[in-house]
Amino acid sequence: MFLVFSAVEIVGAILTVTSKKLVRAAFWLLITLITISGIYILLRAEFVALIQILVYAGAVPVLLLFGIMLTRKKMLEESETSEAK
Amino acid sequence: MSGSLLTPNLVGLCRSLTEILLGIVKAIFDALSLPGLGSWFMSPGVVVFFTYLIATLVMVMWAALVNLLSVMWVERKLYSRIQDRRGIMLGVPWPWSKKYKRGMTNLGWGFLQNIADGVKLLQKENITPASADKLLFHAAPAIIVSSTIMVFAVFPFSENFYYTKVALGVLFVLAALSLGPFAIILAGYSSNNKYTLIGGLRAAAMMLSYEIPLILCVVAVVLLSGTLDPFQMVAVQERPLLGTIVPSWNVFSPPQMLGFVIFFIALVAELERIPFDIPEADAELVEGWTTEYGGMRFGFLFGFKWLRAFAGAGLLVILYLGGWNGPVFATFSVLGYPIPILPQEFWFLLKTYLVVMVIIWISWSIPRVRADQVLKIGWNRLIPLALLTILGAAVFKTMGWF
Amino acid sequence: MAEFWVNMGPQHPMTHGLWNLRIKVDGETIVDAEPIIGYLHRGVEKISEVREFQKVIVLTDRLCYVSSITWSHAYCLAVEELMGIEIPERGKYLRVISLEIQRIASHLMWLAAFGADIGLLTMLLYALRERELFLDLIEIMAGLRLNSNYTRVGGVRNDVPADFEKSCQRVIAHFLKKLDEYEDMMENSKTFLMRTQGIGKLSKEDAINWGVTGPNLRGSGADVDLRRTIPYEVYDQIDWEPAIEKDCDCYARSIVRMREMRESCKIVLDALKKMPPGPYRMKPPRRAEGEAFRATEDSRGEALFYVAADGDDRPYRVKIRSPIFCTLAAVPQMMRGHKVADVVSIMGSIDICVGEIDK
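Described below are features of the structure shown in this document.

Basis of the calculations
Residues numbered from 1 in each chain as written. Chains lettered and ligands numbered in written order. Predicted model: local features only at pLDDT ≥ 70, side-chain atom pairs only at ≥ 80, totals over all residues. Heavy atoms only, no water. Helix = DSSP H or I, 4+ residues; strand = E, 2+ residues; numbered from the N terminus. Buried < 20%, exposed > 50% of the residue type's maximum accessible area, 1.4 Å probe, protein only. Contact = heavy atoms within 4.5 Å. Buried area = accessible area lost by both parts, 1.4 Å probe. Salt bridge = Lys/Arg side-chain N within 4 Å of Asp/Glu carboxyl O. Polar contact = N/O pair within 3.5 Å; in protein donor to acceptor, adjacent residues only side chain to side chain. Nonpolar A, V, L, I, M, F, W, Y, C, P; charged D, E, K, R; others polar. Patch = residues over 30% accessible without salt bridge, like charges linked within 9 Å, V, L, I, M, F, W, Y side chains within 5 Å. Areas by Shrake-Rupley, 256 points an atom, 1.4 Å probe, with all protein chains shown as cover. Phe/Tyr/Trp six-rings, centres within 6.5 Å; stacked < 30°, edge-to-face > 60°. Lys NZ or Arg CZ within 6 Å of the ring centre and 35° of its normal.

**Overview of the overall build of chain C**
So, step 1. On a plain count of helices and strands, chain C comes out with 15 helices and 8 strands.
So, step 2. When its C-alpha atoms are laid out on the principal axes, chain C stretches across 65 × 45 × 35 Å.
So, step 3. Across the 359 residues that make up chain C, the buried fraction comes to 62%.
So, step 4. Considering only contacts in chain C between residues 6 or more positions apart, those separated by 24 or more positions represent 71%.

In C-alpha cells:
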C-alpha cells in the first residue's frame, strides 16, 4: 500500500513540476495531496489525513486555480484565436 | 430503544451471506471432485474479500440507485405539484389490470421515468469538445462521482446500517464533499467554453465561501456534543430534554437553532439549489459548468447533485435532528430475532426526505440570487452568525446549561 | 481577468427568440453590449405590397404571435384612415375588448418568461395557466387562439356569442384573485426585489431620447399612453387610468405591467357594459389612394403603421415601426456596469419579441 501511494505521489509531484499547463499542474497537485493523506491514514493519523483532504485537497488547489485564472490574460486560447480571425 | 433493522451490522450480514454463497460454491466444487479449489474459496482471506465486495455493492446500490432515484422522483413529483401539474407519470401497470395489455402507460406514478431517462442518457453519444483539455475533461466527472460515493463509506443510516465505523465520520463526510469545487472548476476550465468557465468560477467561489459557515456550524455542534463520531452525536441527542418527552435534539438548544438555520442555508448553497444555483443559472449560462458534457457523463453530474443533496440532508439530520431517534419502539420477534416495527432506518429516511422536500419546496418558490449577492450573503451574514453560534455553544458548554 | 466577448444567442435560453446579444464582460461585470438582430427577417413590409388590403392582416397577425390582435388592429386603423371610413360603434367596442384581452395574454406571457429568466420557473407555469383562460376567450371571440385574424378593415370578423359577457366576467374574477397572488410573489419576495430593484436604470430623458415606448417608458415615469394621449376607437369613453412608476428600474417596469393587467380587466368589463347593439362590421371600399399614418398602443409600446396606396387594391408601401426595435437600441446603455446575471433581468423586463423586431 505504502509503495503504491508513494509511487503515485512521486509521479504526481514530478508531473506537477513539469507539466506545461498550469491547470494540469494544479490537477496533479491535487493527486499528490490526496495520496499524502492516504499515507497519513497508513500511519494511523486519521485526523491529519482528513484535515489534509479538507484543507489541502479541497481548498488550496481551488485557490491556486483562482489565482491562475484571474491573472492570466488568455484563458481560452482557441476562442481568442477564432475571435481574431 | 428502537432497534435497527439489520441485526449485527451491514458487514456482518454480508459476511453470513458470503459464507452461505461460498458454501454453495464449495459444495459444487466438491461434487466436481475439486476439493482443493472448494476449500480455497472457504479460506478466510477470500471470505473477507467477498464480504467487503458484497457490502460495497449493497451500500453503493442502496445509496446511488435506490435513494438517488427516490430523491429524483420526490423532487420531480413535488415541484410538479407546486406548479399545479401532475409531473412524471410513466409506469408499468400491474399484470392483472386492464391497462397491462397496452404496456407502459402514462398513468402510473412515474417512478420509471427516471430509469427511462437514465437509459436514454446511456444511449447518447459521449461528446468531447475538440478543443477541450481531454484529461481534465474526463477526470472531473470521475472526481465528483467518486467523492460523492466516498461519503457513503462512513455514512450511517442507523446504529447498524453503515459500511465502516469511523471515529471521525462527520469530518470524513465534510472532507469528501469538499472535493467537489475543485472538480467543478476543472470541468469549467477544461471544456474550453465561456459559459462553463464563468459557471465553474462562480461555483468554486460560491462553494468555497459557503463551506466556511457550514464547517463553523459543525464546529459548534462538535463543541456541544464533544465528539466527531456520528454515532455518539446521535446518542447524545437521544436523552429527553429536561424531564419532558421532547428529545434533546441539537436543534432545540438555543445556539444550535441559529446554527441549524445557517447550516441549512449553507447546505442549500453547497448543493446548488435554486436560490443559490448561480453556477448553472440556465437563463444566463445555459447549463453552467455542465454545458459541454453529454450523455451519461452529464447524467452523472446531474444525478449526483441529488445524491449530494441526499447526503447533505442526512448530515443535517445527524447533526441537528437527532439522527435515527424516533418515538415508536415496539418490536416483535421472528425466530428469536427482534424485529422493530418502525426501525431506525425508517425514522432516519423519514427525516432526511422531509429535509430534502423542504429544500425542494424552497428552491421552486423563489427566484435565483445574483452571483455577487450570494457571496455577500455568505461572507457578510452567514460567517459572522456562524461565529456567533460557536460563541453561544462555547458559553453553553462552559456554563453546563445543555 | 481579461475582457472578453460572450455571445448570448442566437440559441440561448435568455433570448426569447432568434437574436444575439453580444456582451463584453470584465469578469462578471458588463463593459459593453451589442444586440445583433435580423435572424428572423421575413420581409413583411415587402410582401404586403403584393397583397390586397384585407389579406395583409394575415401577415400583421404574425408580426408578434404573442400579441397578434394589437398588431392587426394598428394596421386596420391605418388602412381605414387611408380609405376614410368610420366603422360601426359596436365594432369599435369589440375591438377594444379583444385588444385588452390580447394585452393581458401578452403581459402574462411576459410574466411567464420573466419568471423563468430570473429562476422562478413556478411563475412560468402559473402565468401560462392563466394565459390559457384568456386565449380561450380569444378563441370564443375569433375562433383561433394565437394568430386570431379577428380585426378586419371595416370592423371585426364576427360578433361575440350571447354569453360572452358572462364568461369574461368569470375569467376576470378568477384572474384578479390570481393576480393578487402573483403580486404577492413579486412584491413580498426579498429575492425578487434583490434581482430587480435598481437594475437596468433608464432615466426618463434617456428613454425618450432612445425612442423607448410603452410600459418601459411608463416605468421610467413618463405619462405617455397613446390610448389616452391620442385616443383611438372608444378608449376616451371608457373609465381607466394608466399605470406609471417613477423608479426607472426593472422592478418599476414589472409593476407597470402588473397594474396594466388590472386596468385591462377594468377596460374589458367596462366596455362589455357600455357596448351598444348594432352592426359590428361594414364593407370597406376595395381601392384607396393616398397615405395614412396611425399609431396605437401595442402591449409592448407604440406600434406605428404607415400605409401608402396609389389607387390599386393593394398598398403601395407599408412601413412598420415596432416598439421593441427602438427599445433594443437602449439596451447597451441599460446594461453597462451591471453583472452578467442582470442581463436576464433587464432583457426579461423589457419584454422582447423578435418577430416584431425583425419584421
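**Describing the interface of chain B and chain A**
So, step 1. Listed as interface residues are 29 residues of chain B and, on the opposing side, 29 residues of chain A.
So, step 2. Between chain B and chain A, roughly 2700 Å² of surface is buried when both sides are summed, and carbon and sulfur atoms account for 84% of that area.
So, step 3. Counting the contacts that link chain B with chain A gives 0 salt bridges.
So, step 4. Counting the contacts that link chain B with chain A gives 0 residue pairs in polar contact (both at pLDDT 80 or more).
So, step 5. Its residues placed into classes, the side of chain B that touches chain A shows 22 nonpolar, 4 polar and 3 charged.

**A look at a nonpolar patch on the surface**
All names here are of chain B.
So, step 1. Together, L17, I20, L21, I24, I28, L32, L34, L37 and W40 make up an exposed nonpolar region whose accessible area comes to about 860 Å².
So, step 2. Put simply, the parts of the chain that give the nonpolar patch at least two residues each are α1 (10-31) and α2 (35-41).
So, step 3. Relative to the helices and strands, L17 is located in helix α1.
So, step 4. Assessed through its relative accessible area of 41%, L17 is described here as partly exposed.

**Considerations on the packing of aromatic side chains**
When we look at a pair of aromatic rings, we describe it by the centre distance and by the angle of the planes.
So, step 1. Applying the stated rule across the entire model yields 27 aromatic pairs over all chains.
So, step 2. Each member of the aromatic cluster is reached from another via a ring pair, and the members are W62, F152, F155, F157, F310, F348 and Y353 of chain B.
So, step 3. A cation over an aromatic ring shows up here: R227 of chain C above the ring of Y235 of chain C, its NZ or CZ 5.9 Å from the ring centre.
So, step 4. Lying over the aromatic face of W110 of chain C, R257 of chain C brings its terminal NZ or CZ to 5.1 Å of the ring centre.

**Concerning the pattern of salt bridges**
Residue and element names in this part refer to chain C.
So, step 1. All chains considered together, the criterion is met by 34 salt bridges over all chains.
So, step 2. The partner of R314 in a salt bridge is E52, with the nearest N and O atoms 3.2 Å apart. Of the two residues, R314 is situated in the loop between β7 (302-310) and β8 (317-321) and E52 in the loop between α1 (44-48) and α2 (56-61); the sequence distance between them amounts to 262 residues.
So, step 3. Residue D351 pairs with R257 through a salt bridge whose shortest N-O separation is 3.9 Å. Of this pair, D351 sits in the loop between α14 (340-349) and α15 (354-358) while R257 sits in helix α11 (residues 250-274), placing them 94 residues apart in sequence.
So, step 4. The buried category is assigned to D351, whose relative accessible area is 6%.
So, step 5. Judged by relative accessible area, which is 0%, R257 ranks as buried.

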